[in-house]
Each structure stands twice: as structure tokens, then as C-alpha cells.
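Chain residues, written in single-letter form:
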Amino acid sequence: MANGTVRPASHDLPDERGVARRLLESAAVLAYDPATEVDWETPLDKDFHGASPEWSTLYGTPYWAELTEAQRRELTRQEAASVASTGIWFEMILQQMVLRDMYAKDPTGADFQWALTEVAEECRHSIMFARGAEKLGAPAYRPHRLVIELGRAFKTLAFGEAAYAAILVAEEVLDVMQRDWMRDERVVPFVRTINNIHVVEESRHMKFAREQTRKRLARAGRVRRHINAFVVATASYFIVTSMVRKQVYESAGLDVERAVAEARANEHHKSMMRASCSGLMEFLASARLLTKPALAFYKRANLI
């Protein structure tokens, strides 16, 4: 790098080189340090929500109508912390997949340098989410043990378009909800700052994931596409269904059994999830990754 300009290697493909160079330039101009950008010192103000109420898993249910405003705010704070914890879990998977993909590749390439930049940003995001969950007064929410082990296998075995498309799914779902949260003045200010940082920096990660997915699928045959479509859909199902753990209801002082039942039947929340994924589904369709088996998983996860 000289005078702030990244010089791509001659072996990079023109489109890929252009995307990676632009992302590096963007990161050099617009990047955040959560350690200093987020207000970690001000005590938690419990008069605020942790997320937009409309994104709560219980919003619109009879149970929600019975809750006091204080209970609703506590619930959204716990739900936001659960989403953050799931984000940490998947960001750790993401980092390992990207590093493995770049292992032993030419470090002079813009794509290689961007990949390491993305990993550095994801490390900062994970620390930011961890501190945010702690400040929200939440315990450590983790996916179900089976999901953790499936994630361990996925990050070890997934490669190419399967890895990058799964990365895209996780990032796209978070992106839409966090755009709402960061603009919502009902949400506690430090969470809004966290969401803003994540949205800005993840927009670069999503662009790279889309580009890599297209590139890896360029010469893929029918069988390979069908296999990867199924792998990505399965991973997406477990990611999305792990976002809000049932323990949040216990932490919020609610009747866990009733809350879980009403959340599962909540058509409002299902419609919010489907709306958030409309652009993502269009991309997967354009990449021919919406096969019938894959669609079944997306429908079960209420993403389509």
C-alpha cells in the first residue's frame, strides 16, 4: 500500500480486483473503533428498549398486551443481547472460513488484503457485541449444543460459494433489523451506536460475500449448485432460529412456556423476518440457489 492506494496483483480478476480495491479504500476512510465510539461508561438507562419493540418475538401477541412497559423494555434488552450473542457465534465461524479460504494465497492480491481487513473488523464487532450484551445486563446466550457442534462442522467443511452465501444470509438478516434499531429513539443510545457501526461496516462484508458467491458459482454445474443450495439453506435455518434463545424470557421474568408458544405462533414477527429477507431471496434466486429442498428450510425459518 502506497499513499493510501492498494495496488492489486495482476492475477486478480478485473471485477474481483475492483470490488476488493474499493472495499479497502472504503475501510481506510470509514471505519470505527468501538472501544472509543461507543459510550461504555454511562450506566444503562432502563427507560429505553434494547431493540425496536416491533422486532420483539412477542410483539402483537396477547402476552405482549399484558406486559407492562418496563417488562417490554426488559424483554427487548434481553432479545437484543441474544441476537448479539448469536452474532458473535457466527462471526467466529465466519472468520475461520475466510481465513481458511485465503490460506497460502498471494498476499499482494487486493482480495487477500480485503479478507484480512474483514476479519479484523469482525473481531472488533465480536468484542463490541460482547460488551454490549454485558451492559444490557444479560447472561451469555448460546445456541443449542447441537447447533454449536453443527457450526463446528460447518466452519471446518464449508468452502467456496457455500461459505460466502451462508455469510451473506447471516449478515443480511441482521442488517435489516439493525437499520431499524439504529434509527429508533426508543432504543438505548449505546445500542444504536453499536448498530450503526455494524451496519456501516457489514455493508462492505455483504458486498464481498455477494461477489465471491457469484465468482465461485460461475462454472458450477447443476449437482454442485443443488448441494450448495441445501447446505446454505440448512445453515441459514439454524442461524436464524438461534437468534433469540428461549432463556431470554426467563431472564425477563416471563412465563417461559407461554412466551415460547406465543412467539412460535406470532405471525407479526414471521412477516417481519420475511420482509427483511426479500432482497436476499432475490439474490439467491439469481444465483440459482433457491432449489425446492432449500426453499423448504427457508420457509421453516420464516425467511420466505
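Everything below is about the structure printed above this text.
Residues numbered from 1 in each chain as written. Predicted model: local features only at pLDDT ≥ 70, side-chain atom pairs only at ≥ 80, totals over all residues. Heavy atoms only, no water.

(A) Structural context of the nonpolar core. Of all hydrophobic cores here, the largest spans 95 residues; its most connected members are Leu58, Leu75, Met177 and Tyr249. Aside from chain neighbours lying at most four places away, what touches Leu58 is Tyr63, Trp64, Leu75, Glu79, Tyr249, Leu254, Ala259, Glu262, Ala263 and Asn266. (Core = buried A, V, L, I, M, F, W, Y, C linked by side-chain atoms within 4.5 Å. Buried < 20%, exposed > 50% of the residue type's maximum accessible area, 1.4 Å probe, protein only. Contact = heavy atoms within 4.5 Å.)

(B) Representation of the environment of Gln95 within the structure. Of note, Gln95 is situated in helix H4 (residues 69-102). Judged by its relative accessible area of 13%, Gln95 is buried. Sequence separation of Gln95 and Glu121 is 26 residues, and the distance between their C-alpha atoms is 9.8 Å. Each residue touching Gln95, except ones within four places of it in the same chain, is listed here: Val119, Glu122, Cys123 and Ser126. (Helix = DSSP H or I, 4+ residues; strand = E, 2+ residues; numbered from the N terminus.)

(C) Looking closely at helix H14 (residues 292-300). Residues of H14 that are buried include every one of Ala294, Phe297 and Tyr298, and no others. For H14, the arc enclosing every buried residue in end-on projection is 100°, short of the 170-degree limit, so these residues lie on one face. Within H14, the exposed residues directed more than 90 degrees away from the buried face are Lys292, Lys299 and Arg300. Each element contacted by the buried residues of H14 is listed here: helix H9 (222-241) and helix H13 (278-286). Looking one or two residues beyond H14, the residue adopting positive phi is Asn302, at roughly 60°. (Arc of directions from axis to C-beta.)

(D) Representation of unusual backbone geometry in the model. You will see that Ala104, though not glycine, has its phi angle at about 65°, which is positive. In this structure, Arg288 takes a positive phi of about 60° despite not being glycine. You can see Arg288 is positioned in the loop between H13 and H14. Using a relative accessible area of 56% as the deciding quantity, one classes Arg288 as exposed.

(E) Here's a closer look at the side chain of Glu201. Considering the arrangement of structural elements, one finds Glu201 in helix H8 (residues 189-217). Excluding residues that lie within four positions of it along the chain, Glu201 makes contacts with Ala31, Tyr32, Glu121, Arg124 and His125.

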